[in-house]
Amino acid sequence: MTRADGYLLDNQQSEAAESFDAFATLFDPTTFRHLEGFGVGPGWRCWEVGAGGTSVVAWLAKKVGPTGKVVATDIDTSRLAPAARPPVEVRVHDVGAEEPPAEGFDLVHARLVLVHVPDRERALRSMIKALRPGGRLLIEDADPALQPLLCPDEHGPEEQLANRLRHGFRELLADRGADLSYGRKIPRLLREAGLRRVEADAYFPVTSPACAALESATVRQIRGDLVTAGLATDAEIDRHLANVASGSMDLATAPMISAWGRKG
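Predicted model, so just to flag it, every value in this text is computed and none were measured.

This next bit is on the overall build of the protein chain. On a plain count of helices and strands, the protein chain comes out with seven helices and seven strands. The linear arrangement of helices and strands in the protein chain, starting from the amino end, is α-β-α-β-β-β-α-β-α-α-β-α-α-β. Computed over the C-alpha atoms, the radius of gyration of the protein chain is 18 Å, within 12% of the 18 Å expected from 2.2 N^0.38 for a compact globule of 264 residues. Projecting the C-alpha coordinates of the protein chain onto the three principal axes gives extents of approximately 55 × 35 × 30 Å. Counting every position in the protein chain, which comprises 264 residues, the buried fraction comes to 55%. Taken as a whole, the protein chain presents about 11,300 Å² of accessible surface, with 52% of it coming from carbon and sulfur.

Written as structure tokens, this is what we have:
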């Protein structure tokens, strides 16, 4: 996701790799559990939307094997280069502005993507269009408004500062068109789009080393934006990063809501 397109987090920044690693640690087990439940296997044709990193792409490639296909797309594919070998095809693609890269997919998956896409409705229509009849759609996205705090147990000044900076981050996201309550809407949107057997669940890590790594990378990535917008000072950011590094706080993420359904 690039600043030129109005997105806050840039895949080109050095912190992006740390964020992708943290996302994989936190959320891959949930994603893989759902994909396993769909029966993803040899010969499947899959579209990984807004792939960013390679963990899900590599997992899918292993599952579908040489007879399958994994199309991995993003508006910035710089982090996908290591995965660009059969059965994986990497393409630069904007899901909110372009037609799908192909049709007849058995699976379309997007994780932590649509909340940031300005034209979410078009993106969702595109993903559903790309499915074959009976194909599966899995959308996983955050709902920061459902749980807005970095430190749910706000018991001291360190946690208060952490939550104030998280509020600033949410302001920056909203200013760029992010829908901070999108996650909860996905099941309804899938039903309204005509998908069948719609189900959903949520995952909410409360504390882990990966939560701390993600927070550190994110704050360093948006540091300039927070200061420019008057949402934090450099001194406050330095203090917060030191608090995170100390391991003395319980840091959470927004709930990630996973919703899935089948095309009729």
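As a further point, take the sheet that holds strand S7 (residues 256-262). Spatially, the seven strands line up as an open sheet ordered S3-S2-S1-S4-S5-S7-S6, and their pairing is mixed. Two strands in the sheet have a free side with no partner beyond their single neighbour: strand S3 (88-92) and strand S6 (196-203). Across the sheet, the axes of successive neighbouring strands diverge by a mean angle of 15°, strand direction being ignored. With four bridges joining them, strand S1 (residues 45-49) and strand S2 (residues 69-74) adopt parallel strand pairing. Residue pairing in the sheet places Cys 46 in a bridge with Val 70 of S2. This element, helix H3 (residues 120-129), spans S1, strand S4 (105-111) and strand S5 (131-142) of the sheet and lies at about 145° to S5.

Attention now moves to the packing of helix H1 (residues 15-38) against helix H2 (residues 55-64). Viewed as axis vectors pointing N to C, H1 and H2 meet at an angle of 30°, and their least axial separation amounts to 10 Å. Looking at the two axes, H1 sits roughly parallel to H2. In this structure, the crossing between H1 and H2 has a hand that is right-handed. The residues of H2 that touch H1, namely those facing Ala 24, Asp 28, Thr 31, Phe 32, Leu 35 and Glu 36, are Ser 55, Val 56, Trp 59, Leu 60 and Lys 63. The residue inventory of the contact of H1 with H2, partitioned by class, reads six nonpolar, two polar and three charged.

With that settled, consider the layout of surface pockets. Rolled over the atoms, a probe with the dimensions of a water molecule shows which regions are left empty. Considered as a void within the structure, the second largest pocket measures approximately 160 Å³ in volume. Lining the second largest pocket we find Arg 120, Glu 121, Leu 124, Arg 125, Tyr 182, Leu 189, Glu 192 and Ala 193. When contributions to the lining of the second largest pocket are tallied by element, the ones reaching two or more residues are H3 and helix H5 (186-192). At four residues, the largest contribution of residues to the lining of the second largest pocket is made by H3. A class-by-class count of the residues in the lining of the second largest pocket yields four nonpolar, no polar and four charged.

Where a protein is soluble and globular, its nonpolar side chains tend to be buried together. Trp 47, Val 108, Leu 114, Met 127, Leu 137 and Ile 139 are the most contacted members of the largest nonpolar core, which totals 24 residues. Listed by contribution, the elements that provide at least two residues to this core are S1, S4, H3, S5 and H5. With four residues, H3 is the largest single contributor of residues to this core. If you look at the next biggest cluster of nonpolar residues, it comprises 21 residues, including Ala 51, Ala 61, Leu 107 and Leu 138.

Attention now moves to the environment of Gln 221. You can see Gln 221 is positioned in helix H6 (residues 209-228). By relative accessible area, which is 4% here, Gln 221 ends up buried. C-alpha of Gln 221 to C-alpha of Glu 15: the two residues are 206 residues apart in sequence and 6.1 Å apart in space.

A few words now on the pattern of salt bridges. Here the idea is simple: oppositely charged side chains can pair when their charged atoms come close. This model, assessed by the stated rule, comprises 18 salt bridges. Between Glu 99 and Lys 129 there is a salt bridge; the shortest N-O distance is 2.6 Å. Separated by 30 residues along the polypeptide, Glu 99 in the loop between S3 and S4 and Lys 129 in helix H3 bring together distant segments of the chain. Overall, the relative accessible area of 48% leaves Glu 99 in the partly exposed class. Judged by its relative accessible area of 38%, Lys 129 falls in the partly exposed class. A salt bridge links Asp 238 to Arg 223; its shortest N-O distance comes to 2.7 Å. Of this pair, Asp 238 sits in helix H7 (residues 234-246) while Arg 223 is found in helix H6, placing the two residues 15 residues apart along the sequence. Owing to a relative accessible area of 42%, Asp 238 belongs among the partly exposed residues under this scheme.

Thresholds applied
Residues numbered from 1 in each chain as written. Predicted model: local features only at pLDDT ≥ 70, side-chain atom pairs only at ≥ 80, totals over all residues. Heavy atoms only, no water. Helix = DSSP H or I, 4+ residues; strand = E, 2+ residues; numbered from the N terminus. Rg over C-alpha atoms; globule rule 2.2 N^0.38 Å. Buried < 20%, exposed > 50% of the residue type's maximum accessible area, 1.4 Å probe, protein only. Areas by Shrake-Rupley, 256 points an atom, 1.4 Å probe, with all protein chains shown as cover. Pairing = 2+ DSSP bridges. Axes fitted to C-alpha atoms, helices over the stretch in contact; angles between N-to-C directions. Contact = heavy atoms within 4.5 Å. Parallel < 35°, antiparallel > 145°, perpendicular 65-115°, else oblique. Left-handed = near helix turned anticlockwise from the far one by under 90°. Nonpolar A, V, L, I, M, F, W, Y, C, P; charged D, E, K, R; others polar. 1 Å grid on protein atoms, 1.4 Å probe; cavity = no way out; pocket = protein on both sides within 12 Å on 5 of 7 lines; lining within 4 Å. Points joined across faces, edges and corners; volume = space filled by probe spheres on them. Core = buried A, V, L, I, M, F, W, Y, C linked by side-chain atoms within 4.5 Å. Salt bridge = Lys/Arg side-chain N within 4 Å of Asp/Glu carboxyl O.

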